[in-house]
Every structure is written in C-alpha cells, then in structure tokens.
Amino acid sequence: MTTAPTPFASNRRTSKKAGYTLTELLVVMVILGLLAAFVGPMLFSQIGGAKSRSAETQIASFATSLNFYRLDVGSLPDASIGLEALVRQPSGVSGWNGPYLNSDEGIPLDPWDEPYIYQLVGPGHAVIRSLGRDKREGGEGEDADISRDIR
C-alpha cells in the first residue's frame, strides 16, 4: 500500500521556489516607471486643454447672455458695470429682464481663477477674454488668450 503525500510535504519541496526575486520586482518597477513617464505627460496635457475649452464655453455663454441683454435693454452694458449686468440690474437701466446667467455667486472666474475681461470697444461692440494660464496677454497653447467679439 502506498501512502499519499501530505499537503505539507508538497509545500516543503516548492517553498524555495515560491515568491518573486528582487530582480523580478525591480524589472516590474522599471516597466511601471517607464509607463508613467510616457502616459503622465499626455494626461496632464489633456487637463490643460480642458481648461481652455471650459473658458471658451463660458465666454460663449457670456456672449449669448449679452445678446439677450442687448435685446431687452437696447445696448450692451457699460464697461463700468461689465458682466455684472448679467446677474444684477444696473441702476438707471430700463428693460432689464434678468438675471441672464444662472449663477447665485455672481460672475464666475475663468479656469485659472482670474476674472474675465469685458471691454466695450465701440457702440454695439464688446470683447470678452481670458488671458489664459500665464495671465498675460499673448502666448501660445495653454498660455494663449481666449476671446470673443460681440457685435
């Protein structure tokens, strides 16, 4: 009669081969590091692009709201009140039928936590813009100004 090996006996034979060597762990760590080095910059560039697209969308919303304001009031807001005219009625303005933006907190800041710039260029012509990530005029990529003319 033969006896079956006990589970403990089979573990003794393989216990020296179980687990990973330090070399295998280092190879895996190097591979993960290389993947992070290639994928990380791509992810961060997408985040920056999302901020620019968010600013463009917000400026488009302002432009639409300003057009409704102009239809009701007859002109664009003065530079002194600017975009605030979209959420609060300026004194001395008749025909205001706002608020034109759904915002309990006033005019939102751009994605880089700066106020949007409203400039009245001429009669019936205004410009709304954000200076981008660098918060200075000009620039390229994420540092580029984002603007829209309203006529």
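Higher on the page you've got the structure.
What comes next is a walk through the structure. It should be emphasised that the depicted structure is a prediction, and the values quoted were computed from it without experimental measurement.

Thresholds applied
- Residues numbered from 1 in each chain as written.
- Predicted model: local features only at pLDDT ≥ 70, side-chain atom pairs only at ≥ 80, totals over all residues.
- Heavy atoms only, no water.
- Phe/Tyr/Trp six-rings, centres within 6.5 Å; stacked < 30°, edge-to-face > 60°.
- Helix = DSSP H or I, 4+ residues; strand = E, 2+ residues; numbered from the N terminus.
- Buried < 20%, exposed > 50% of the residue type's maximum accessible area, 1.4 Å probe, protein only.
- Salt bridge = Lys/Arg side-chain N within 4 Å of Asp/Glu carboxyl O.
- Contact = heavy atoms within 4.5 Å.
- Pairing = 2+ DSSP bridges.

Looking now at the packing of aromatic side chains. Per the stated rule, a full pass over the model turns up 3 aromatic pairs. Plain terms: the ring middles of Tyr 69 and Tyr 100 are 5.7 Å apart, the flat faces sit at 70° to each other, and that makes the pair edge-to-face. One end of the pair, Tyr 69, is in helix H2 (residues 22-73); the other, Tyr 100, is in the loop between H2 and strand S1 (117-122), with 31 residues separating them in the sequence. Relative accessible area serves as the criterion here: at 14%, Tyr 100 is assigned to the buried category. Consider the rings of Trp 96 and Tyr 100, whose centres lie 5.7 Å apart with planes at 90°: the pair is edge-to-face. An aromatic cluster is present here, built from Tyr 69, Trp 96 and Tyr 100 joined pairwise through their rings.

What follows covers the pattern of salt bridges. When their charged atoms lie close together, side chains carrying opposite charge are able to pair. Inspection of the entire model under this criterion finds 5 salt bridges. In this structure, Arg 129 engages Asp 145 in a salt bridge whose closest nitrogen and oxygen atoms are separated by 3.8 Å. Of this pair, Arg 129 sits in strand S2 (residues 125-130) while Asp 145 sits in the loop between S2 and strand S3 (146-150), and the two are 16 residues apart along the sequence. Overall, Arg 129 belongs to the buried group, its relative accessible area being 13%. Given a relative accessible area of 28%, Asp 145 falls into the partly exposed group. Among the ionic contacts, a cluster of salt bridges with common partners joins Arg 129, Glu 137 and Asp 145.

Our next topic: the environment of Leu 86. When you line up the elements, Leu 86 lands in the loop between H2 and S1. On the accessibility criterion, Leu 86 (0% relative accessible area) is buried. Residues Leu 86 and Phe 62 lie 24 residues apart in sequence; the distance between their C-alpha atoms is 8.3 Å. Setting aside its immediate chain neighbours within four residues, Leu 86 contacts Phe 62, Ser 65, Leu 66, Tyr 69, Trp 96, Pro 99, Tyr 100 and Leu 101.

What follows is about the pairing of S2. Of all 6 residues that make up S2, 6 are buried, and the element is covered over most of its length. Along S2, one buried face is formed by His 125, Val 127 and Arg 129 and the opposite face, lined by Ala 126, Ile 128 and Ser 130, is buried too. Of the strand pairs in this sheet, S1 and S2 are connected by 5 bridges, and their pairing is antiparallel. Each bridged residue has a counterpart across the sheet, and for Leu 120 the counterpart in S2 is Ala 126.

Interpretation in functional terms is not warranted from these geometric data alone.
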